[in-house]
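# Commentary on secondary and tertiary structure
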Amino acid sequence: MNEIPRGTLEQQTFFESVGGEETFRRLVHRFYEGVAEDPVLRPMYPEEDLGPAEERLTLFLMQYWGGPRTYSDERGHPRLRMRHTPFRVDRAAHDAWLRHMRDAVDSLGLAPEHERQLWDYLVYAAASMINTAE
Ligand code: HEM
């Protein structure tokens, strides 16, 4: 009677806790609205249409947080640092990327603990993507 059924609380992934695919789609869609208007970031994207890039980042983040593994099914091992080597990710690009992510995270209205977890990861991941000396 007082038991918590297995799989209801402790086994829920972060992906599920924050609302699943819809939440990650909202996050990355908002982020790319910022990128589309950004003078530093927009020219870095090789494709005219940002839709496919939006889809790749969405699928990557869903997979990272415990959702479906569609990203790797389609793209293979993430190797994100390697995939960014064709682009010059300097401090200015890093700062712009995080600024648009901050705005996108804020737009979700997550519980503070989830928001902090997501944000800490994005800050760490963005720093690790810098590939210039300055
Ligand atoms: C720090 C600043 C960053 C800049 C300026 C940047 C820029 C870019 C650019 C120009 C692309 C190519 C667009 C495409 O064809 O998909 C890309 C791809 C991608 N980025 Fe970033 N990025 C940054 C950080 C990050 C971070 C922190 C993550 C993960 C949390 C990330 C995840 C991805 C993914 C998953 C792709 C698609 C990789 C693929 O499958 O080809 N990026 N990024």
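Presented here is an overview of the structure given in this document. (Residues numbered from 1 in each chain as written. Predicted model: local features only at pLDDT ≥ 70, side-chain atom pairs only at ≥ 80, totals over all residues.)

The local shell around the ligand holds 19 residues, among which Ala53, Phe60, Ala93, Trp97 and Ala125 are the closest. For the shell around the ligand, the secondary-structure elements that each account for two or more residues are helix H3 (51–64), helix H5 (80–84), helix H6 (91–108) and helix H7 (112–129). With four residues, H3 is the largest single contributor of residues to the shell around the ligand. Here the residues of the shell around the ligand are counted per class, giving 14 nonpolar, two polar and three charged. (Near = placed C-beta within 6 Å. Helix = DSSP H or I, 4+ residues; strand = E, 2+ residues; numbered from the N terminus. Nonpolar A, V, L, I, M, F, W, Y, C, P; charged D, E, K, R; others polar.)

Axis separation between H6 and H7 bottoms out at 10 Å; the angle between their running directions is 165°. Taken together, H6 and H7 sit at an angle that is classed as roughly antiparallel. For the pair H6 and H7, the sense of crossing is right-handed. Of the residues in H7, those in contact with His94, Trp97, Leu98, Met101 and Val105 of H6 are Glu115, Leu118, Trp119, Leu122, Val123 and Ala126. For the contact of H6 with H7, the per-class residue count stands at nine nonpolar, one polar and one charged. (Axes fitted to C-alpha atoms, helices over the stretch in contact; angles between N-to-C directions. Parallel < 35°, antiparallel > 145°, perpendicular 65-115°, else oblique. Left-handed = near helix turned anticlockwise from the far one by under 90°. Contact = placed C-beta atoms within 7 Å.)

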